[in-house]
Structures are given as C-alpha cells and as structure tokens.
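# Commentary on secondary and tertiary structure
Listed below, chain by chain, are the residues.
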Amino acid sequence: MARSPRLLLASIHDVSPRFESEVDRLLDLLGAHVGNRIALLVVPNHWGEAPILPGSPFAGRLRGWANGGAEIFLHGFYHRDASRHERASDRLRASLMTAGEGEFLGLGRREASARIAGGRRLIEDIVGRRIDGFVAPAWLYGEGALDALRQAEIPIAEDHFRVWSPANGRQLARGPVITWASRTRLRLASSLAAGGLLRRLPIEVLRVGVHPADVSESVLVQSIEKTLRVAIRSRRPARYSHLLAA
Ligand SMILES: [Zn+2]
C-alpha cells in the first residue's frame, strides 16, 4: 500500500471585521499555495469591540468564504484574557506567551461553555452549517475550557503541539505549529529562525498559522511565502477535517 502523503494544514487566526483587510491579504498569500484549503479562525467579538453582526457585509463575506471551501473554526469569543489567574504559573504563562490574549486559559467550565455555545450559534447561523472546530486564542486552554469542549462535542481542536478531537478524545496529529510573531524585534527574529527550521521538519502533518499582524512586516510575509513554497514541494495541502477521516 502506498504511504499516505505528508500534509500541510494552513490557518488564518483572528478573522474579525477589525482585521478584514489583513485577512484579505492573508487569504491571497496562503491561497496562492494551498487554494481554498484554509482554516479560518473566527473571533465573534474581538475585545468586545468588533462584533460580527448577522446580516452585515462581513457576515456575508464569512459565508462566502465558507461556501468557497474554507473551514470555519470558532476562535474564542472576545480573544482577550480578562480573567484573574489564581495560579502563579498560569499568570506567568498568560503574560509571557500571549500579552493577555489567552481568553480560555482562566475560564471555568460554565463560562467557557457559555462562550463556546454563543459563538458557535452566531457563526453557524451566519455560515449555514456546523463549525469545523475550535482553537483557543494563543492556543491556551485551561481545564474549564477542555471540559467545555468535550461536553460540546467539538470535532477538532489544536494547541501548539497537537491536534485532537474533544468529541472522542482521539489524537489526530502531533508536532508544533509554525507561527510568526511580530510584537517585538526579538520575537520576530526568533520566529524567523524557528520557521526556517520547522518548515523542513520530518513530521507527518505540518501546520502553519498566520495572524493579521504578520502582513505588517514584509520580512514576515517573505518568510511565510518561503515556508509554504518549501512545504508544498513534499506535502499535500489539506483540510483539518481530513484528519478525522484518516
Ligand atoms: Zn488569535
């Protein structure tokens, strides 16, 4: 039997009316390499300041992207981490890794469930079908979030190191996600170096996740381009839901 080809999964984080023009650029950037095999990570109301309103032009665009073949993931609700972390290690993790964007790190199960249900209803009404999965902002999940995802039987979730199915507990893929950070020069330099290493990793499923801020630095755009170019030489672009069928 032929070995199944290695896969490339591409995603755009923080899809929100706030970042509409950046998302357009990222769609062009990724689309040139992977076509419509792109996961859109949608934030229902970024920072409580950018609600996706049913019937709005942006809602229409979201539906259009979904109809065009993009996968639709719920990506938190507000994205911002407004909770006070009880454990010092969580506080440290939240501030070091996310600049306060780890919304689902400190939520209890009830609040996490309410936000997942609310966001899911909004997005499913707009796109006219079920969401494909959930990705927590900054890939950070607390226990409450993990419980809520299991209970909601979300088909697919991912963090920095793996993809899994909360619905049945199956691990779907392992290996780090390649991402770029532009917040500081040091982070920018380290993410460029990491991208160079990671894009050649001999892992089965390579994930590439891009953010709106990436398009503000041409050096990041070039690195993303190169990563995709190198990756598709030996990998087939795929959708996350492909992992469920494997
Ligand atoms: Zn995000």
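Let me begin by describing the structure that accompanies this report.

Reading the values: rules and limits
All residue numbers refer to positions counted from 1 along the written sequence of the respective chain. Only residues with pLDDT of 70 or above have their local features reported here, since the model is predicted, and side-chain atom pairs are shown and tallied only from 80 upward, although totals for entire chains, interfaces and linings are computed over all residues. Side-chain metrics in this entry use all non-hydrogen atoms of the structure; hydrogen atoms and water are not considered. Working convention: axes come from line fits to C-alpha atoms, limited for helices to the stretch in contact. Angles between N-to-C directions cover 0 to 180 degrees. Only runs of H or I of at least four residues qualify as helices and only runs of E of at least two qualify as strands under DSSP, and these elements are numbered from the N terminus. Here the angle decides the label: under 35 degrees means roughly parallel, over 145 means roughly antiparallel, 65 to 115 means roughly perpendicular, and every other value means oblique. By convention the crossing between two helices is left-handed if the near helix lies anticlockwise of the far one by an angle smaller than a right angle, and right-handed if it lies clockwise. Two residues qualify as a contact provided that any one of their heavy atoms is within 4.5 Å of a heavy atom in the partner residue. Amino acids outside the nonpolar list (Ala, Val, Leu, Ile, Met, Phe, Trp, Tyr, Cys, Pro) and the charged list (Asp, Glu, Lys, Arg) are all regarded as polar, and Gly is one of them. Only nitrogen, oxygen and sulfur atoms qualify as donors, and only when within 2.8 Å of the metal (3.2 Å in the case of Na, K and Ca); with water excluded, sites may look incomplete. Relative accessibility decides the category of a residue: with a 1.4 Å probe and only protein chains considered, values under 20% of the type maximum give buried, values over 50% give exposed, and everything between is partly exposed. Side-chain atoms within 4.5 Å are what join buried Ala, Val, Leu, Ile, Met, Phe, Trp, Tyr and Cys residues into a set we call a nonpolar core. We define a salt bridge as a side-chain nitrogen of Lys or Arg found within 4 Å of a carboxyl oxygen belonging to Asp or Glu. What counts as a ring pair is set by centres within 6.5 Å for rings of Phe, Tyr and Trp (its six-membered ring), and what kind of pair is set by the plane angle: stacked under 30 degrees, edge-to-face over 60, tilted for all other angles. Whether a charge lies above a ring is judged from NZ of Lys or CZ of Arg, which has to be within 6 Å of the ring centre and within 35 degrees of the ring normal. Only four residue types enter the charge count: Lys and Arg as positive, Asp and Glu as negative, with His and the chain ends excluded. Identification of polar contacts relies on pairs of N or O atoms within 3.5 Å, with a donor-acceptor requirement for protein atoms, meaning one able to donate a hydrogen and the other able to accept it, and with residues adjacent in sequence counted only if both atoms are side-chain atoms. Being paired, for any two strands, means DSSP has found at least two bridges between them. A crossover counts as right-handed when, viewed with the strands pointing away from the observer, the path leading from the first strand over the helix to the second turns clockwise.

### Considering the packing of helix H1 (residues 20–34) against helix H2 (residues 57–67)
- Close contact between H1 and H2 brings their axes to 13 Å; oriented N to C, the two are set at 20 degrees. Taken together, the axis directions place H1 and H2 in an arrangement best described as roughly parallel. Along this stretch, H1 crosses H2, giving a crossing that reads as left-handed. Only Phe-58, Arg-61 and Trp-65 of H2 make contact with H1, whose side of the interface consists of Glu-20, Val-23, Asp-24 and Leu-27.
- Residues belonging to the contact of H1 with H2 are distributed by class as follows: four nonpolar, no polar and three charged.

### Focus on the coordination of the zinc ion
- Coordination sphere of the zinc ion, protein contribution only: Asp-14 (OD), His-75 (NE2) and His-79 (NE2), at 2.0 to 2.1 Å.
- Site description for the zinc ion: donor spacing in sequence, D-x60-H-x3-H. With Asp-14 in strand E1 (residues 7–15) and His-75 in the loop between strand E5 (71–74) and helix H3 (88–98), this residue pair connects regions lying 61 residues apart in the sequence. Both residues of the pair, Asp-14 and His-75, belong to the buried class.

### As for unusual backbone geometry
- Its identity as a non-glycine residue notwithstanding, His-79 has a phi of 80 degrees, on the positive side.
- Inspection of the secondary structure assignment puts His-79 in the loop between E5 and H3.
- A residue is classified by how much of its surface remains accessible, and His-79, at 5% relative accessible area, is buried.
- A positive phi is found at Ala-138, a non-glycine position, where the angle reads about 60 degrees.

### With respect to the nonpolar core
- Among the nonpolar cores identified, the biggest contains 69 residues, and Ile-12, Leu-30 and Leu-40 are the most heavily contacted of them.
- Each residue touching Leu-40, except ones within four places of it in the same chain, is listed here: Ile-12, Val-15, Leu-27, Trp-65, Ala-70, Glu-71, Ile-72 and Phe-73.

### What to know about the environment of Pro-176
- Relative to the helices and strands, Pro-176 is located in the loop between strand E9 (171–174) and strand E10 (177–179).
- When the C-alpha atoms of Pro-176 and Arg-207 are compared, they prove to be 7.3 Å apart, with 31 residues separating the residues in sequence.

### Quick word on the pattern of salt bridges
- By the definition in use, this model includes nine salt bridges.
- A salt bridge links Arg-129 to Asp-132; the nearest nitrogen and oxygen atoms lie 3.1 Å apart.
- A relative accessible area of 16% means that Asp-132 is categorised as buried.

### Section: the packing of aromatic side chains
- A full pass over the atoms with the stated rule returns six aromatic pairs.
- When the ring centre of Trp-47 is taken as reference, the NZ or CZ atom of Arg-80 above it lies at 4.6 Å.
- The ring of Trp-164 carries the charged tip of Arg-162 above its face, separated from the ring centre by 4.2 Å.

### Looking at the side chain of Asp-159
- Relative to the elements of secondary structure, Asp-159 occurs in the loop between strand E7 (157–158) and strand E8 (162–164).
- The buried charged residue Asp-159 lacks any salt bridge, with Arg-162 as its nearest oppositely charged partner at 4.1 Å.
- At 2.8 Å, the side chain of Asp-159 forms a polar contact with the backbone nitrogen of Phe-161.

### Considering the pairing of E1
- A large share of E1 lies buried, amounting to nine of its nine residues.
- The pairing of E1 with strand E11 (residues 205–210) spans six bridges and is parallel. Considered in E11, the bridge of Leu-9 is made with Arg-207.
- Across two bridges, E1 lies against strand E12 (residues 236–237) in parallel orientation. What sits directly across from Leu-8, in E12, is Pro-237.
- Two strands pair when backbone bridges link them, and E1 and strand E2 (residues 38–42) are joined in this way by four bridges, in the parallel orientation. Considered in E2, the bridge of Ala-10 is made with Ile-38.
- Remark: the E1/H1/E2 crossover connection has right-handed handedness.

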